Amino acid sequence: MNYQEALAAAKGNIGPYCKACPECNGKACGNKIPGPGAKGFGDTAIRNYDAWKSIRVVMDTIVENTEPDTSVELFGRTFNFPFFAGPVGAVNLHYGDSLDDMAYNNILVRACAEAGIAAFTGDGTNPKVVEAAAEAINAAKGCGIPTIKPWDLVTIQTKFALVEAAEPCAIAMDIDAAGLPFLKNLNPPAGSKTVEEMREIVSLTNRPFIIKGIMSVKGALKAREAGAYGIVVSNHGGRVLDGCDATAHVLEEIATAIGNDMKIFVDGGIRSGTDVFRALALGADAVLIARPFVVSVYGGKEDGVKAYIQKLGAELAETMKMCGAASLADITRDMICVR
């Protein structure tokens, strides 16, 4: 199976909202929530996608003719590529009831691990979501990153205990999920956290801790103060705040301010290996991609996921080769230009 075949298969299997577009740009699904769309007018998801396309890559083939090394070392592990599957929750609500979160995470984690990358798993109001994610990560020998919502401390402790037993390579929290409608007015409560509260949460685990949902230097510095191993520059795919800036527009400023103090990931509209290259040139260590992985799972399960990973990896390697980068460390800012 290739990715185009997975796309075609997904169209009749993914529910009424996602259109399984040839390239997921946020335009067909618009502001449809439930569904994969964005909040308000839906323009933030579109802006994320468009921003990467405004960055041009600089070709240079007067270099040694070698096959690029796309591998990256993170969390004490070596991965085949610097991209990961992003966390997605409530898939049956947003993408159709042929899969639930438990089945989705099980397929995604296993396929990603077998292809040499890791999957971030989602969280939900149903405790079984995290339980199943932990089981999938454990079966993949820890090759997965559970992403916990910003619940109250007691709930977080309970969920951490579940995922810690799976020995994941890292643990994440999507702090920007505080803006998701389904998290508001819940019992247990969920929402924003202070630096002090985040520091206490980070201290609950010895695993590398990643804070997802950073969109400013100020936010990144707060995450560093809280003791995070890394951050994800992310606006939650435009699903939590209308009118938000594109992640590509804020990434470089954040990376420059943070330097080597934390690992920097980025998501939002990244759809190709060339987009991955662009993100690394702007200072990211790796990227997260979510919605196309959903289509891959719904369209081809494990085979669909592996086909998408192969597509991205081939595109990244080709871009590196044509821009003169033999390894990820060779990707530099002068290999892109912003018009």
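Look a little higher up for the structure.
On a predicted model such as this, the values are computed, not experimentally measured, just so you know.

1. Focus: the packing of helix α5 (residues 127-139) against helix α6 (residues 153-164)
Item 1. For the pair α5 and α6, the least separation of the axes is 8 Å and the interaxial angle reads 20°. Between α5 and α6, the angle falls in the class roughly parallel. For the pair α5 and α6, the crossing hand works out as right-handed. Between α5 and α6, the contacting residues are Val130, Glu131 and Ala134 on the first element and Lys159, Leu162 and Val163 on the second.

2. A closer look at the nonpolar core
Item 1. Core analysis: the largest hydrophobic core is formed by 110 residues, its most contacted members being Phe75 and Phe293.
Item 2. Per-element accounting of this core gives the leading share, 12 residues, to helix α11 (residues 291-323).
Item 3. Once residues within four sequence positions are removed from consideration, phenylalanine 293 is found in contact with Phe84, Ala85, Tyr104, Leu108, Cys112, Ile117, Val305, Tyr308 and Ile309.

3. A few points about the state of the cysteines
Item 1. One pass over the structure, following the stated rule, counts 0 disulfides.
Item 2. Cysteine 337 supplies the cysteine sulfur nearest to cysteine 323, a cysteine that is in no disulfide, at a spacing of 10 Å.
Item 3. Residue cysteine 323 is classed as buried on the basis of its relative accessible area of 5%.

4. A short note on the pairing of strand β8 (residues 209-214)
Item 1. The element β8 is extensively covered by neighbouring structure, given that 6 of its 6 residues are classed as buried.
Item 2. Direction of pairing for strand β7 (residues 171-174) relative to β8: parallel, over a ladder of 4 bridges. Across the sheet, methionine 173 pairs through a bridge with isoleucine 211, a residue of β8.
Item 3. In the sheet, β8 pairs with strand β9 (residues 230-233) via 4 bridges, with the strands oriented parallel. Opposite isoleucine 210, over in β9, you have glycine 230 as the bridge partner.

5. So, the packing of aromatic side chains
Item 1. Evaluated as defined, the whole model comprises 13 aromatic pairs.
Item 2. Both rings, one in phenylalanine 79 and one in phenylalanine 84, keep their centres 5.1 Å apart while their planes meet at 80°; by these two values the pair is edge-to-face. Note on accessibility: phenylalanine 79 and phenylalanine 84 belong to one class, buried.
Item 3. The interplanar angle of 10° and the centroid separation of 5.1 Å between the aromatic rings of phenylalanine 81 and phenylalanine 83 together place this pair among those described as stacked. Across the pair, phenylalanine 83 and phenylalanine 81 agree in class, each one buried.
Item 4. Positioned above the aromatic ring of tyrosine 49, the side-chain terminus of lysine 53 is 4.4 Å from the ring centre.

6. Here we look at the side chain of arginine 239
Item 1. Counting through the fold element by element, arginine 239 comes out in the loop between β9 and α9 (247-258).
Item 2. Of the buried charged residues, arginine 239 lacks a salt bridge, with aspartate 174 as the closest side chain of opposite charge at 9.1 Å.
Item 3. At 3.0 Å, the side chain of arginine 239 and the backbone oxygen of glycine 37 are in polar contact.
Item 4. Engagement of the side chain of arginine 239 in a polar contact is seen with the side chain of histidine 94, the distance being 3.3 Å.
Item 5. Excluding residues that lie within four positions of it along the chain, arginine 239 makes contacts with Ile33, Gly35, Pro36, Gly37, Ala38, Lys39, His94, Leu180 and Arg291.

7. Focus on the packing of helix α10 (residues 273-281) against α11
Item 1. Taken N-terminus to C-terminus, the directions of α10 and α11 make an angle of 55°; their axes are 7 Å apart at the nearest point. For the element pair α10 / α11, the angle class is oblique. Read as a crossing pair, α10 and α11 show a hand that is right-handed. Contacts from Gly273, Thr274, Val276 and Phe277 in α10 reach Leu312, Glu315, Leu316, Thr319, Met320 and Cys323 in α11.
Item 2. Each residue belonging to the contact of α10 with α11 can be placed in one class, and the counts come to 6 nonpolar, 3 polar and 1 charged.

Definitions and cut-offs
Residues numbered from 1 in each chain as written. Predicted model: local features only at pLDDT ≥ 70, side-chain atom pairs only at ≥ 80, totals over all residues. Heavy atoms only, no water. Axes fitted to C-alpha atoms, helices over the stretch in contact; angles between N-to-C directions. Helix = DSSP H or I, 4+ residues; strand = E, 2+ residues; numbered from the N terminus. Parallel < 35°, antiparallel > 145°, perpendicular 65-115°, else oblique. Left-handed = near helix turned anticlockwise from the far one by under 90°. Contact = heavy atoms within 4.5 Å. Core = buried A, V, L, I, M, F, W, Y, C linked by side-chain atoms within 4.5 Å. Buried < 20%, exposed > 50% of the residue type's maximum accessible area, 1.4 Å probe, protein only. Disulfide = S-S within 2.5 Å. Pairing = 2+ DSSP bridges. Phe/Tyr/Trp six-rings, centres within 6.5 Å; stacked < 30°, edge-to-face > 60°. Lys NZ or Arg CZ within 6 Å of the ring centre and 35° of its normal. Lys, Arg positive; Asp, Glu negative; His and termini not counted. Salt bridge = Lys/Arg side-chain N within 4 Å of Asp/Glu carboxyl O. Polar contact = N/O pair within 3.5 Å; in protein donor to acceptor, adjacent residues only side chain to side chain. Nonpolar A, V, L, I, M, F, W, Y, C, P; charged D, E, K, R; others polar.

It is worth stressing that arrangement in space is one thing and function is another; only the former is reported here.
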